[in-house]
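Listed below, chain by chain, are the residues.
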There are 2 protein chains.
Amino acid sequence: MQATAFSPHDHTHCISSAISHAQSLCANRGVRLTPVRQRVLELVWQSHQPIGAYELLASLAKEGFNSAPPTVYRALEFLSDQDLLHKLESVNAYVGCCNPDTPHQGHFLLCQICHQAQELDSQYITLALKLSADQHGFEIQHHTIEIVGTCQGCLDKSKTPESVL
Amino acid sequence: MQATAFSPHDHTHCISSAISHAQSLCANRGVRLTPVRQRVLELVWQSHQPIGAYELLASLAKEGFNSAPPTVYRALEFLSDQDLLHKLESVNAYVGCCNPDTPHQGHFLLCQICHQAQELDSQYITLALKLSADQHGFEIQHHTIEIVGTCQGCLDKSKTPESVL
DNA sequence: TTGATTATTGTTATAATATAACATAACATG
DNA sequence: CATGTTATGTTATATTATAACAATAATCAA
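Quick look at the structure, then. These numbers were taken from a predicted model, which means no experiment stands behind them.

Turning to the protein's contact with DNA strand D, a few remarks are in order. In the vicinity of DNA strand D, 17 residues are found, and the nearest of them are A:Tyr54, A:Lys87, B:Arg32, B:Thr34 and B:Arg74. Each atom of DNA strand D within 4 Å of the protein was classed as base or backbone; sugar and phosphate made up 51%. One nitrogen or oxygen atom from the side chain of B:Arg37 is found 3.3 Å from a phosphate oxygen belonging to DNA strand D. At 2.4 Å from a base oxygen of DNA strand D is found a side-chain nitrogen or oxygen belonging to B:Arg74. Of all elements in the fold, only helix 4 (69–81) of chain A together with helix 2 (35–44) and helix 4 (69–81) of chain B reach the threshold of two or more residues within the surface near DNA strand D. The dominant element in the surface near DNA strand D, judged by the number of residues it contributes, is helix 4 of chain A, at four residues. Residues that form the surface near DNA strand D fall into these classes: eight nonpolar, three polar and six charged.

Another aspect to go through is the pattern of salt bridges. Residue and element names in this part refer to chain A. If you walk through the whole model with that rule in mind, you get eight salt bridges over all chains. For Glu-42, the salt bridge identified is with Arg-39, shortest N-O distance 2.7 Å. With Glu-42 and Arg-39 both in helix 2 (residues 35–44), this residue pair falls three residues apart, about one helical turn. In this structure Glu-42 comes out as buried when scored by relative accessible area, which is 17%. Among the residues examined, Arg-39 registers a relative accessible area of 22% and is labelled partly exposed.

Superposing chain B onto chain A takes a rotation of 180° combined with a translation of 0.0 Å along the rotation axis, leaving an RMSD of 0.0 Å. What the superposition gives is, in effect, a two-fold axis relating one chain to the other. Distance from the rotation axis, computed per C-alpha, reaches its smallest value in chain B at B:Ile145: 2.4 Å. Take the interface residues of chain B: 100% of them recur as interface residues in chain A, which is what a same-surface contact looks like.

Turning next to the protein's contact with DNA strand C. Taken together, 17 residues sit near DNA strand C, with A:Arg32, A:Thr34, A:Arg74, B:Tyr54 and B:Lys87 positioned nearest. Of all DNA strand C atoms lying within 4 Å of any protein atom, the proportion belonging to sugar or phosphate reaches 51%. B:Tyr54 has a polar side-chain atom sitting 2.5 Å from a base nitrogen of DNA strand C. Mapped onto the surface near DNA strand C, the elements with two or more residues apiece are helix 2 and helix 4 of chain A together with helix 4 of chain B. For the surface near DNA strand C, a count of residues per class yields eight nonpolar, three polar and six charged.

Analysis parameters
Residues numbered from 1 in each chain as written. Chains lettered and ligands numbered in written order. Predicted model: local features only at pLDDT ≥ 70, side-chain atom pairs only at ≥ 80, totals over all residues. Heavy atoms only, no water. Near = heavy atom within 4 Å. Polar contact = N/O pair within 3.5 Å; in protein donor to acceptor, adjacent residues only side chain to side chain. Helix = DSSP H or I, 4+ residues; strand = E, 2+ residues; numbered from the N terminus. Nonpolar A, V, L, I, M, F, W, Y, C, P; charged D, E, K, R; others polar. Salt bridge = Lys/Arg side-chain N within 4 Å of Asp/Glu carboxyl O. Buried < 20%, exposed > 50% of the residue type's maximum accessible area, 1.4 Å probe, protein only. Least-squares fit on C-alpha atoms with pLDDT ≥ 70 in both. Contact = heavy atoms within 4.5 Å.

So yeah, pure geometry; function would need other evidence.
Written as structure tokens, this is what we have:
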């Protein structure tokens, strides 16, 4: 399996595909992807780096949208409810969800060098969480799984200093 | 394995043992468990419910300690550096660490009914995280693993309504 | 279409969480 | 005891998030 966020890829395609996906998904669900909601989703998808609420707000302001905090927090809440994005609790920032059709909680790899986030949906992790919870008679509702470290690309770069090139 | 936080236990013993443990550990490490640091640790250990920084601050204020935010955040930082407590990122609150001798990151079960937190150190979870990271060539530095749900005790209570008693 | 209903957005204010920056005090050690 | 280091005091402010209520827009039944 290849980690998309950490690898070169056609990111314009990421964005447009996420948006058109979101549009049809909202239509099917009978919920409204209003202009501000769609714009927040586009902004979140501008990169695979999680983005903060107030950074989104600044962008909205430049573009002539209303820009009081509730505007962006409401949009984020809607998008989160629709599984179109995830909040990364350890950095108070938001990333687009790759897989909004099936309700799930992601597992995230966060690179501390390039700051990109890769969402996983690891069956290993899901199973391990379930086993551990079961051992304690604990019933899982949801979880926060955020793994911070260094991605392959940044590891490679650190191992090839310029002096060697 | 029994989840201490979720089970009846001698909690006074929890506190005193955590404090005396912290004292010897700090002595061994040549770092200072000053009065405000020790008091913050005691307050964190008052229960197995994670406690917020400003709630700690309010307690310190009542007790005559200095009570500007940096006071408590500095103490929390020290205690965290010494592995004496953990921050739960999903709730912005702090819990005492059961096992400060061996540097580790805990895995947490958070009960949404009784709000208690149980720290685990599950080899299943550790292994699953490592496997997933390895698959992506990702090198782990640290992680946030917080599982929210209902603990066994609260499940039992919800299954025994008063009408049945 | 109209009016009732609900969903969405606008607006103001404030809550909750956390840190910067610099001054002072306490401690450790040669 | 002088000096460097660690810890604390103090003021101010940054960052993240929500409450509360007003206004507007979409929806839909009659």
